[in-house]
Amino acid sequence: MVKQTSTARRRKAPLATPDRLDRIQNASWELSAIGECLAAIGRDLELAPSAQKPPAGGTGNALNWLATEIDRRCALIDEVLS
């Protein structure tokens, strides 16, 4: 069973302390960096000559999609923090 708190009590508590906001921002930047790495790997796989492509041809597309999704979520986090 989930403990319910009153609405008034929830409003009084700050959403995030400055320390927590800093940690969230750092996590967002780190996720964004991971996304950039995934995108670079994906582009390398997609643009490799046909003779050098791995058997899983969709790997580059999948990595680019993951990178895009990470960046999209980071943008949402940054928007909420600003």
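See above for the structure.
Reading guide: rules and limits
Residues numbered from 1 in each chain as written. Predicted model: local features only at pLDDT ≥ 70, side-chain atom pairs only at ≥ 80, totals over all residues. Heavy atoms only, no water. Helix = DSSP H or I, 4+ residues; strand = E, 2+ residues; numbered from the N terminus. Buried < 20%, exposed > 50% of the residue type's maximum accessible area, 1.4 Å probe, protein only. Contact = heavy atoms within 4.5 Å. Areas by Shrake-Rupley, 256 points an atom, 1.4 Å probe, with all protein chains shown as cover. Expected span 1.5 Å × (residues − 1). Core = buried A, V, L, I, M, F, W, Y, C linked by side-chain atoms within 4.5 Å. Axes fitted to C-alpha atoms, helices over the stretch in contact; angles between N-to-C directions. Parallel < 35°, antiparallel > 145°, perpendicular 65-115°, else oblique. Left-handed = near helix turned anticlockwise from the far one by under 90°. Nonpolar A, V, L, I, M, F, W, Y, C, P; charged D, E, K, R; others polar.

(A) Seen up close, the overall build of the protein chain. Assigned secondary structure in the protein chain consists of three helices and zero strands. Scanning the protein chain from its N terminus toward the C terminus, one meets helices and strands in the order α-α-α. Burial analysis of the protein chain (82 residues in total) assigns 17% to the buried set. Here the analysis covers contacts within the protein chain between residues at least 6 apart in sequence; of these, 63% occur between residues at least 24 apart. Accessible area for the protein chain stands at about 6,700 Å²; split by element, carbon and sulfur atoms hold 60% of it.

(B) Summary view of the side chain of Ser28. Note that Ser28 resides in helix H2 (residues 18-47). In contact with Ser28, other than residues within four places in its own chain, are Cys74, Ile77 and Asp78.

(C) Summary view of helix H3 (residues 59-81). Here H3 spans 33 Å end to end across 23 residues, near enough to the 33 Å set by a 1.5 Å rise per residue. Turning to H3, its buried residues are Gly60, Leu63, Asn64, Ala67, Glu69, Ile70 and Cys74. On the buried face of H3, the contacting elements are H2.

(D) Fine view of H2. With 30 residues, H2 should reach 44 Å at 1.5 Å per residue; the first-to-last C-alpha distance of 43 Å fits that figure. Taken residue by residue, H2 has Gln25, Ser28, Gly35, Leu38, Ala39 and Gly42 as its buried positions. As for H2, its buried residues are in contact with H3.

(E) The arrangement of the environment of Ile41 in detail. Examined against the element boundaries, Ile41 turns out to sit in helix H2. Under the relative-accessibility criterion, Ile41 is labelled partly exposed at 44%.

(F) Up close: the nonpolar core. Grouped together as the largest cluster of nonpolar side chains are six residues: Leu38, Ala39, Leu63, Ala67, Ile70 and Cys74. Taken together, the elements giving at least two residues each to this core come down to H2 and H3. Among residues more than four places away in sequence, those in contact with Ala67 are Gly35, Leu38 and Ala39.

(G) The packing of H2 against H3, seen in detail. Between H2 and H3, the least distance of the axes is 8 Å, while the angle of their chain directions is 160°. On the basis of their axis angle, the class for H2 and H3 is roughly antiparallel. Here the hand of the crossing between H2 and H3 comes out left-handed. Grouping the constituent residues of the contact of H2 with H3 by class yields 15 nonpolar, nine polar and five charged.

Note that all results are geometric; they support no functional claim without further evidence.
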